[in-house]
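Take a look at the letters that make up each chain.
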Amino acid sequence: VKKLAKKASQGASDIKEAAVLGAGIMGGGIAYQAASKGLPIIMKDIKSEQLELGMNEASKLLGKEVERGKLTPAKMGETLSRIRPTLNYGDFGNTDIVIEAVVENPAVKKSVLAEVEALAKDDAIIASNTSTISITELATALKRPENFVGMHFFNPVHRMPLVEVIRGEKSSDAAIATTVALAQKMGKVPVVVNDCPGFLVNRVLFPYFGAFDLLVKEGVDFAAIDKTMEKFGWPMGPAYLIDVVGLDTGVHGAAVMAQGFPDRMKPDFKGSIEHLFEQNRLGQKNGAGFYKYE
Ligand code: NAD
């Protein structure tokens, strides 16, 4: 353990610059968190409006800290300037780690990962923030699978302490140690988990969403389920939670889980969640899911 810790602390100091692919709910959150902890980060997306959303969200969060007297306006400016939004790969050749946080679709992820591996330096770590897709499977798109790991943050990134660091079949110890150290540097609590669809947390969470989905299909009111789970003591119920996660991310993740565990994840989300998703109700990200948002 001591050896890994030593390796890990050396690894963290090797990370001078990071990049995140995707400026959505997760990519924006990861960029904010890295910048807040002093790490310069490039944030790349294919849509300028997403980059704007990501920067606005970071600004809003930092603004709240200024209001609470926890941050000076000058420090807020410094933090924001550590995030470099971009639509092209520009200087990805200098980044020590690239964290992929694009849509939860294996084919899209594989093509984006291969694209970025060709541009990054040979020893750069490439990490995926996938919720459900096997790291070993995604690694088949790469020439240097030893440098590839899972780095699974939770939503909202600035509030959730946990990061699952996922060891794919070919991930090297050094890549795992550096990723663990980076998570710590970002103020998070890393846990190293083995690779399988859904890793650890989502193997628990997706069957819960599946059970909720079936209950609603059977005619139970989603808001009543939420209220009941809140009284049970959980911070929010499943309908609100899937709105926060994004129904698209949920539906895509459920398909991966159903394929990975056909014995336990049969009815993916073919009840209420997929029905709303088909109506483009994606949750908080576009203003309506189970609930409506201003
Ligand atoms: P999102 O829909 O909010 O954002 C995805 C972003 O990726 C969009 O801005 C999109 O424009 C961008 N994108 C698509 N193709 C791209 C490309 N080729 N290059 C660069 N950017 C591209 O999704 P999200 O909720 O941020 O999820 C991103 C990833 O994080 C998914 O793999 C998801 O499973 C995972 N994740 C999500 C949550 C959650 O609660 N939402 C939690 C943990 C992990």
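Since this is a predicted model, take the numbers as computed values, not measurements.

Asker: Which residues make up the site of the ligand, and what are the values?
Answerer: The local shell around the ligand holds 23 residues, among which Asp45, Glu104, Lys109, Ser131 and Val245 are the closest. A distance of 2.6 Å separates an oxygen atom of the ligand from a polar side-chain atom of Asp45. Burial of the ligand by the protein chains amounts to 92% of its free accessible area of 840 Å². Contributing elements (two or more residues each) for the shell around the ligand: α2 (25–36), α5 (106–119) and β6 (148–153). Taken together, the residues that form the shell around the ligand break down as nine nonpolar, nine polar and five charged. Built from parts of two domains, the shell around the ligand gets at least three residues from each of domain 1 (2–194) and domain 2 (203–285).

Asker: I'd like to hear about the sheet that holds strand β3 (residues 83–86), residue by residue, with values.
Answerer: Taken in spatial order, the eight strands of this open sheet run β3-β2-β1-β4-β5-β6-β7-β8, and their pairing is mixed. Where the open sheet ends on each side, the last strands, each with one partner, are β3 and β8 (189–194). Taking the axes of each pair of neighbouring strands and ignoring which way they run, one obtains an average angle of 25° across the sheet. As paired elements, strand β7 (residues 162–167) and β8 share six bridges and run parallel to each other. Counted as the bridge partner of Ile166 is Val193 from β8. Across the sheet, α2 touches β1 (18–21), β2 (41–44), β3, β4 (97–100) and β6, and the angle it forms with β2 is around 165°.

Here is what the cut-offs are and how they apply
- Residues numbered from 1 in each chain as written.
- Predicted model: local features only at pLDDT ≥ 70, side-chain atom pairs only at ≥ 80, totals over all residues.
- Heavy atoms only, no water.
- Near = heavy atom within 4 Å.
- Polar contact = N/O pair within 3.5 Å; in protein donor to acceptor, adjacent residues only side chain to side chain.
- Areas by Shrake-Rupley, 256 points an atom, 1.4 Å probe, with all protein chains shown as cover.
- Helix = DSSP H or I, 4+ residues; strand = E, 2+ residues; numbered from the N terminus.
- Nonpolar A, V, L, I, M, F, W, Y, C, P; charged D, E, K, R; others polar.
- Domains from an automatic or database assignment.
- Pairing = 2+ DSSP bridges.
- Axes fitted to C-alpha atoms, helices over the stretch in contact; angles between N-to-C directions.
- Contact = heavy atoms within 4.5 Å.

None of this, on its own, says anything about what the molecule does.
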